[in-house]
Amino acid sequence: MLEGKHIVLGVTGSIAAYKIASLASMLKKQRADVTVIMTQNATNFINPITFESLTGNKCLVDTFDRNFQHSVEHVSLAKQADLFLIAPASANVIAKAAHGLADDMLTTTLLACQCPKIIAPAMNTRMFQNQMVQDNMKILAHYGMEVITPATGYLACGDTGEGKMPEPEVLFEYILKGLKPDDMAGLKVLVTAGPTIEKIDPVRFISNHSTGKMGYAIAKAAMRRGAEVILVSGKTDLKPPVGVKTIDVLSAADMAQAVKEHAPSQDIIIKAAAVADYRPKNIADEKIKKKDDAMSIELERTEDILGYLGAHKINGQFLCGFSMETEHMIENSREKLKKKNLDLIVANNLKQQGAGFGTDTNVVTLISKEDTIQLPIMSKEEVADELLSCILKARM
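## Observations regarding the layout of surface pockets
Thinking step 1. Considered as a void within the structure, the largest pocket measures approximately 1,100 Å³ in volume.
Thinking step 2. Forming the walls of the largest pocket are 43 residues, and the residues nearest its centre are Ala-273, Ala-274, Val-275, Phe-322 and Lys-336.
Thinking step 3. Breaking the lining of the largest pocket down by element, the ones donating at least two residues are helix H9 (213–224), strand E15 (299–301), helix H11 (305–311), strand E16 (318–325) and helix H12 (329–339).
Thinking step 4. Taken together, the residues that form the lining of the largest pocket break down as 16 nonpolar, 15 polar and twelve charged.
Thinking step 5. Roughly 610 Å³ of volume is contained in the second largest pocket.
Thinking step 6. In this structure, the second largest pocket is lined by 22 residues; those nearest its centre are Glu-173, Lys-220, Arg-224, Lys-239 and Glu-381.
Thinking step 7. Put simply, the parts of the chain that give the lining of the second largest pocket at least two residues each are helix H8 (168–179), H9 and helix H13 (380–395).

What follows is the structure, encoded as C-alpha cells:
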C-alpha cells in the first residue's frame, strides 16, 4: 500500500509523543520509508532510539549533526518526502510553522518541504481554544496544510475537553488520504454496505453473511481520493471509517429511508449492501415459543432500493450496483443492469475462491452497457480503487 513512499514524522514535546511509535510501526509494516524528526523537548517524552529501532533510519534532532551526512540534511530530506506529518503538534511548533520560523531540524525541514503536510494538534483544552492558536491553525490551512481536528477526552493535565491527539489508526488514515490522488474532490458519494436485519420476534431475525468489508473499502477509498462520502451501513463489526459520515441502520426499510433522504444530492451512488429481499409479514411482539411440530413464517418483499434509485435517477448521477450470483453470473448481472437502469454493475460469484462474504479479497467483473472488465483476485481495497477509477473514467 505504501511501498516506496517516504513519510516524514515530526514529533514535538507532548505526552502523546509515545503514540507515534505505534504509527511508525504501522507505516513500516506497509513498507513505507519512515524518517522521524524530533524537537529537543520531544526527547523528554520518548527516546530517539525507539524510532530508530522501528524505522531503521536515524532519528533526527539536531540541525547541525556533524556525525551524519555531508548534504544539507533538512533540504535533502525535504526533497525525498512524499508526505510530512507533525503529530503531536504543540502550540509552539504550530506558531512557528504558521509564521515561517525555522530554528530546529523539524521546522527547517517543514519549511523546505513541498509535499502534502498534515498537522495534528495536541495540547491542553484552554491552550487549544486560545484565539491565537486558533488563528495560527487557520494560517496553516490557508497555506494548504491539513489540520486534523483533535479528539475530545481526558487529557494528561487532568482536564477533559478538546486537544487530545487522535489515535495512531486515525493518523494512518489521514496519511493514506494525503498520498492518494485528489481526483474525486468536489464529488458527493453515497455507499451502502453490510447486511440488513429483518425481525421475526424480539429474539430472532432473518439476515445474511455480509460483513460490510467491500462497502467500507469503497467508502474509505472515495474519502481518501477527496470525495465527500456518506456510508449507510447495516450492522457490522467494522469501525466507522475516518472522515466518512456513517449512518447506521438495521432493516431494509431503515436503509431505504436513509438512502432516499440523501440520494438526490449525490453525484455517485454505489449500492454494495446485501439487502434482504424478504421480511416476515408479521413481527411477533413476544418470543415465539418452540413447538413440537413444524412452523412456517409468511414473508413479504422488501422495497427494491436499487430499483427505486434507477427509476428516480437524477440527470448526471452515476448509479452502481452489486450482483452476487452462484450461476450465470454475466447473464444475470447484465439483466439486472438493464432492468434497474444502472450505469455499472459489479458482479461476483459466491462459489469462486477468493470472492464472496467475509473474505479480505474479491474477484469481480465490472459490467457496463459498453464493456465487460474482468479483474483478477485482489484485496477489497484494490478492488475499491479499480472500481472508483472505472466510474470516474465513465463519467468523463
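Having put the structure on the table, let's press on.
## Quick look at the packing of H9 against H13
Thinking step 1. Where H9 meets H13, the axes come as close as 8 Å, and the angle between the chain directions of the two elements is 55 degrees. Relative to H13, the element H9 is oriented oblique. As for how H9 packs across H13, the hand of that crossing is right-handed. Packed against H9, whose contacting residues are Lys-213, Met-214, Ala-217, Ile-218, Ala-221 and Ala-222, the element H13 presents Lys-380, Glu-381, Val-383, Ala-384, Asp-385, Leu-387 and Leu-388 at the interface.
Thinking step 2. When the residues that make up the contact of H9 with H13 are grouped by side-chain class, the tally is nine nonpolar, no polar and four charged.

## Some words on the sheet that holds strand E1 (residues 6–11)
The strands that make up a sheet pair up through hydrogen bonds in the backbone, lying either parallel or antiparallel.
Thinking step 1. Spatially, the five strands line up as an open sheet ordered E2-E1-E3-E4-E5, and their pairing is parallel. On the outer flanks of this sheet lie strand E2 (33–38) and strand E5 (146–147), each paired with one strand and no other.
Thinking step 2. Note that strand E4 (residues 117–121) and E5 share two bridges and pair parallel. Within the sheet, the bridge partner assigned to Ile-118 lies in E5 and is Glu-146.
Thinking step 3. Strands E1, E2, strand E3 (83–89) and E4 of the sheet are contacted by helix H5 (residues 105–112), whose axis makes an angle of about 145 degrees with E3.
Thinking step 4. Sitting on the sheet, H8 touches E1, E3, E4 and E5, and the angle it makes with E3 is about 155 degrees.

## Quick notes on helix H4 (residues 91–98)
Thinking step 1. Extensive coverage of H4 is indicated by the burial of six of its eight residues.
Thinking step 2. Among the residues of H4, Ala-91, Val-93, Ile-94, Lys-96, Ala-97 and Ala-98 are the ones counted as buried.
Thinking step 3. The inward-facing, buried residues of H4 contact E3, H5, E4, helix H6 (125–129) and helix H7 (131–142).

## Some thoughts on the environment of Ala-258
Thinking step 1. With respect to the helices and strands, the residue Ala-258 is situated in helix H10 (residues 252–262).
Thinking step 2. For the pair formed by Ala-258 and Thr-365, sequence separation is 107 residues and the distance between their alpha carbons is 28 Å.
Thinking step 3. Apart from residues lying up to four places away in sequence, Ala-258 is in contact with Val-232, Ile-247 and Val-249.

## Comments concerning the packing of aromatic side chains
Thinking step 1. This structure, assessed with the given rule, holds zero aromatic pairs.
Thinking step 2. One residue, Lys-260, lies across the ring of Tyr-308, its end atom 4.6 Å from the ring centre.
Thinking step 3. Note that Arg-301 overlies the ring of Tyr-278, its terminal NZ or CZ placed 5.6 Å from the centroid.

## Quick look at the sheet that holds strand E13 (residues 268–271)
Thinking step 1. With respect to topology, eight strands assemble into an open sheet ordered E12-E11-E8-E13-E16-E17-E19-E20, the strand pairing being mixed. For this open sheet the edge positions go to strand E12 (245–248) and strand E20 (372–374), each flanked by a neighbour on one side alone. Shown here is a sheet whose adjacent strand axes are inclined to one another by a mean of 15 degrees, direction ignored.
Thinking step 2. Where strand E8 (residues 188–193) lies against E13, four bridges are found, and the strand directions are parallel. For Leu-190, the partnering residue across the bridge sits in E13 and is Ile-269.
Thinking step 3. Contacts from H9 reach E8, strand E11 (228–233), E13 and E16, with the element oriented near 165 degrees to E11.
Thinking step 4. Its contacts with the sheet place H12 against E16, strand E17 (344–349), strand E19 (365–367) and E20, and it is angled at close to 155 degrees to E17.

## Considering H7
Thinking step 1. Compared with an ideal rise of 1.5 Å per residue, which puts twelve residues at 16 Å, H7 spans 16 Å between its outermost C-alpha atoms and is within 8% of the ideal.
Thinking step 2. Among all positions of H7, only Val-133, Asn-136, Met-137 and Leu-140 are buried. The buried residues of H7 occupy an angular sector of 100 degrees when the element is viewed end-on, so they sit on one face. Residues of H7 that are exposed and angled more than 90 degrees away from the buried face: Met-132, Lys-138 and His-142.
Thinking step 3. Elements that come into contact with the buried residues of H7 comprise H4, E4, H6 and E5.

Here is what the cut-offs are and how they apply
- Residues numbered from 1 in each chain as written.
- Predicted model: local features only at pLDDT ≥ 70, side-chain atom pairs only at ≥ 80, totals over all residues.
- Heavy atoms only, no water.
- 1 Å grid on protein atoms, 1.4 Å probe; cavity = no way out; pocket = protein on both sides within 12 Å on 5 of 7 lines; lining within 4 Å.
- Points joined across faces, edges and corners; volume = space filled by probe spheres on them.
- Helix = DSSP H or I, 4+ residues; strand = E, 2+ residues; numbered from the N terminus.
- Nonpolar A, V, L, I, M, F, W, Y, C, P; charged D, E, K, R; others polar.
- Axes fitted to C-alpha atoms, helices over the stretch in contact; angles between N-to-C directions.
- Parallel < 35°, antiparallel > 145°, perpendicular 65-115°, else oblique.
- Left-handed = near helix turned anticlockwise from the far one by under 90°.
- Contact = heavy atoms within 4.5 Å.
- Pairing = 2+ DSSP bridges.
- Buried < 20%, exposed > 50% of the residue type's maximum accessible area, 1.4 Å probe, protein only.
- Phe/Tyr/Trp six-rings, centres within 6.5 Å; stacked < 30°, edge-to-face > 60°.
- Lys NZ or Arg CZ within 6 Å of the ring centre and 35° of its normal.
- Expected span 1.5 Å × (residues − 1).
- Arc of directions from axis to C-beta.

Bear in mind that shape data such as this cannot, by itself, settle questions of function.
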